[in-house]
Amino acid sequence: MAKKNDNTKKGSVKNGVFQKLNEQKEPATYGKSQAGVIRSIKEQVNNTFKDSVGETVSKNENIADEQISIVEHEIKTEEQPKEQPKEQLKEQPKEQLKEQPKEQPKEQLKEQPKEQPKQQLKEQPKGQPKEQLKEQPKEQPKEQPKEQPKEQLKEQPKEQPKEQPKQQPKEQPKEQLKEQLKEKKTSPSYSSSRPIRVQMVIGDPLEYRVSRMFLKQGYFVRRGTNIYTTGFIDMATDIDVLGIKYFDSFGRTMVISECKSGESKPLDRIFWLAGLKAYLNASRALLVRKPTRWNIKDFAKEAGVEVVDNDYITTLEKALDINDDEWLGYTDRQFFIDQQTSWNDILRKDQYLAEIYITLIGEARFNEPFSATNYYLHHLRTLTRLHNNSSGAKQSLIKYLLSDATAQIVIFLMEICKITLDLTPQDRQGFIEKKLTHGEMDPVLTQKIFDHAYSLSRQAASHYAGTLVEIDKSLFAMPKPDYIEDLLAFVEYLISRMPFITSLPFACDILLAETVVKDNSDFKLKGHIDNGGFVRTLQALDQYIKMLVKLGCLPKTINQYYH
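As a convention, each chain's residues are numbered from 1 in the sequence order in which they are written. Local features are withheld for residues below a pLDDT of 70 in this predicted model, meaning they are given only at 70 or higher, and side-chain atom pairs are given and counted only at 80 or more; totals for whole chains, interfaces and linings count all residues. Based on all heavy atoms of the structure, the side-chain values leave hydrogens and waters out of the count.

Draft legend 1. Seen up close, the sheet that holds strand 5 (residues 306-308). The strand order 1-2-3-4-5 describes an open sheet built from five strands, whose pairing is mixed. If you trace the sheet from one side to the other, it starts and ends with strand 1 (220-228) and strand 5, each paired once. In this sheet, adjacent strand axes meet at a mean angle of 30° when their direction is disregarded. In this structure, strand 3 (residues 251-259) lies alongside strand 4 (residues 284-288), joined through five bridges in parallel fashion. Looking across to strand 4, one finds that I256 is bridged to A285. Pairing between strands requires that DSSP locate at least two bridges from one strand to the other. For helices the rule is a DSSP run of H or I covering at least 4 residues; for strands it is a run of E covering at least 2, with both sets numbered from the N terminus onward. For every element, the axis is a line fit to its C-alpha atoms; helices are fit only across the contacting stretch, and the angle between N-to-C directions ranges from 0 to 180 degrees.

Have a look at this one:
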């Protein structure tokens, strides 16, 4: 029984020792020498034996010696990785440098990548913590930042920049330019970011002949009118001849014409004209071409299109008493031929004049009279200043733009009269003032936006200043145009003389074209207007020109052209 008790004591003591040693082995042995570790372990063993067994420890010294020898053996086995790397680093390089190149170069290249990386990954974290922590920070930071950035900086600029600039301009320049222009070009003011390339086109002689036919009937006539999409991004189509004429109560008749002097497919043009007529809300649509079979003319009538030929125009010219050598206004093809080269050269260089020109030739429906009136009056003032400081071909082009815009404003004023004809003078005044000031926006909503902007600006200014800052509230309001009173008075003047001023657009256009643009001082307007409305039309025209000169929209010297 005594032996059993001794064995159980020995086993319990042994288990207690190993339990404490396992708990303290790693932190106790890390960073100490071998002798120091053995001393600390002996002391710990003696202490544990004293605490657990008491006096029996001294009687059982053999047990402690056995435990110490076991612990020493374990420490030696754990410390072997520390001793081996030093020997391997000293001994192996000498042997390998002598033996490997001669005996085993091929085998080492094949075997080393397979055997050594696995052992190094397993052994290094346990056996060489000190060496790795000391050696790696010294080697890696020096090699990586010095070697890699130099290679990347030297290799990349040599290889990539040389290839990219050569490939990109050749492969995708046209497609990129087209996409960028479609995305960015949103208005005529786009001239600041991309040059507007517009050229004056002369057109076919048949177009001028048809224009003269409508002009002789009292129409306001434009040739080569382009139809653009929103913001002048793309040109949808063009109208060879466009004519507008007013009658009583400011009613409007619009006629469009497609002129084909050569071979063409009539049925295709008939359908195209029918769609264009519906888009413009035109009253008549004419297809002028060579003699056409009766069945095609009959089909065109069902589509709302009239097909006429040269014989029809010749007959109508005789009825209107038109001379073959008479080309009034903008029906004079030779005038545009003489100006084409110089004007196109100016339009290529002067982007502002190109913007005004493309706007004028792009007006076809005349369905936004208030915004268009504001736009033209604003630019007429700029053109007037340019006219006073220019000369030669540029001044002649500016005079053409001034005259064209002035005649188109008459069309817009006639449309304003038609819209407000059924209103009382007070309501008419309030309606026109609101439209010219706010456009199509709601005045109440617009003022709310300005009030919010005023409140935010006042708070921001007070915050940065540290004190309450007062801001002029009149700055946060839609400015009222300075020409509203003059336009209101002229609209009332036109409405009061409604039956006698239906020829005002035609009279203004032909008079300015002949006297201002073409410098024809011998032109007389009297023989081109009916005697019944000639005096009233001339009086209204005189009032209109004086109003524009007063507003600074026409040069003061313009009176010498038509008086």
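Still more ground to cover, so stick around.
Draft legend 2. How the structure looks around unusual backbone geometry. Residue N281 is not a glycine yet carries a positive backbone phi of 55°. When its relative accessible area of 64% is taken as the criterion, N281 is described as exposed. With a phi angle near 55°, F366 is a residue other than glycine that sits in the positive phi range. Inspection of the secondary structure assignment puts F366 in the loop between helix 13 (351-361) and helix 14 (369-388). Relative accessibility thresholds used throughout: buried, under 20% of the residue-type maximum; exposed, over 50%; partly exposed, between the two (1.4 Å probe, protein chains only).

Draft legend 3. Spotlight on the environment of G329. Tracing the chain through its elements places G329 in the loop between helix 11 (310-319) and helix 12 (333-349). Take G329: its relative accessible area is 3%, and that puts it in the buried class. Sequence separation between G329 and A513 is 184 residues; the distance between their C-alpha atoms is 5.1 Å.

Draft legend 4. Expanded view of the side chain of E258. Considering the arrangement of structural elements, one finds E258 in strand 3. On the accessibility criterion, E258 (4% relative accessible area) is buried. Here, two residues are considered to be in contact whenever any of their heavy atoms come within 4.5 Å of each other. Here E258 is in contact with D240, R269, W272, L273, L286, L287 and V288, once residues within four sequence places are set aside.

Draft legend 5. Inspection of the packing of helix 13 against helix 15 (residues 392-420) at higher detail. Packing of helix 13 against helix 15 brings their axes to within 11 Å, and their N-to-C directions diverge by 35°. Judged by the sense of rotation from one axis to the other, the crossing of helix 13 with helix 15 is left-handed. Together, L353, I356, Y357 and L360 of helix 13 and K394, L397, I398, Y400, L401, D404, A405 and Q408 of helix 15 make up the contact between the two elements. Crossing handedness is read from the near helix: turned anticlockwise from the far helix by less than a right angle, it gives a left-handed crossing, and turned clockwise, a right-handed one.

Draft legend 6. Structural context of the pairing of strand 4. Counting buried residues in strand 4 gives four out of five residues, a clear majority hidden from the surface. Every crossover in which the path from the first strand over the helix to the second runs clockwise, viewed with the strands pointing away from the viewer, is termed right-handed. What joins strand 3 to strand 4 is helix 9 (residues 266-280), and the crossover it makes is right-handed. Here strand 4 pairs with strand 5 via three bridges, running parallel. Its bridge partner lying in strand 5, V288 is registered against V308. Each parallel crossover has a hand, and the one from strand 4 via helix 10 (residues 294-302) to strand 5 is right-handed.

Draft legend 7. Molecular detail of helix 8 (residues 205-215). Most of helix 8 is tucked away, with nine of its 11 residues classed as buried. Of all the positions in helix 8, only L206, E207, Y208, V210, S211, R212, M213, F214 and L215 are classed as buried. If you check the start of helix 8, you find a side-chain oxygen 2.9 Å away from the backbone N of L206, and it comes from D204. Pairs of N or O atoms are called polar contacts if they sit within 3.5 Å, as long as, within protein, a hydrogen donor faces a hydrogen acceptor (for residues adjacent in sequence, only side-chain-to-side-chain pairs).

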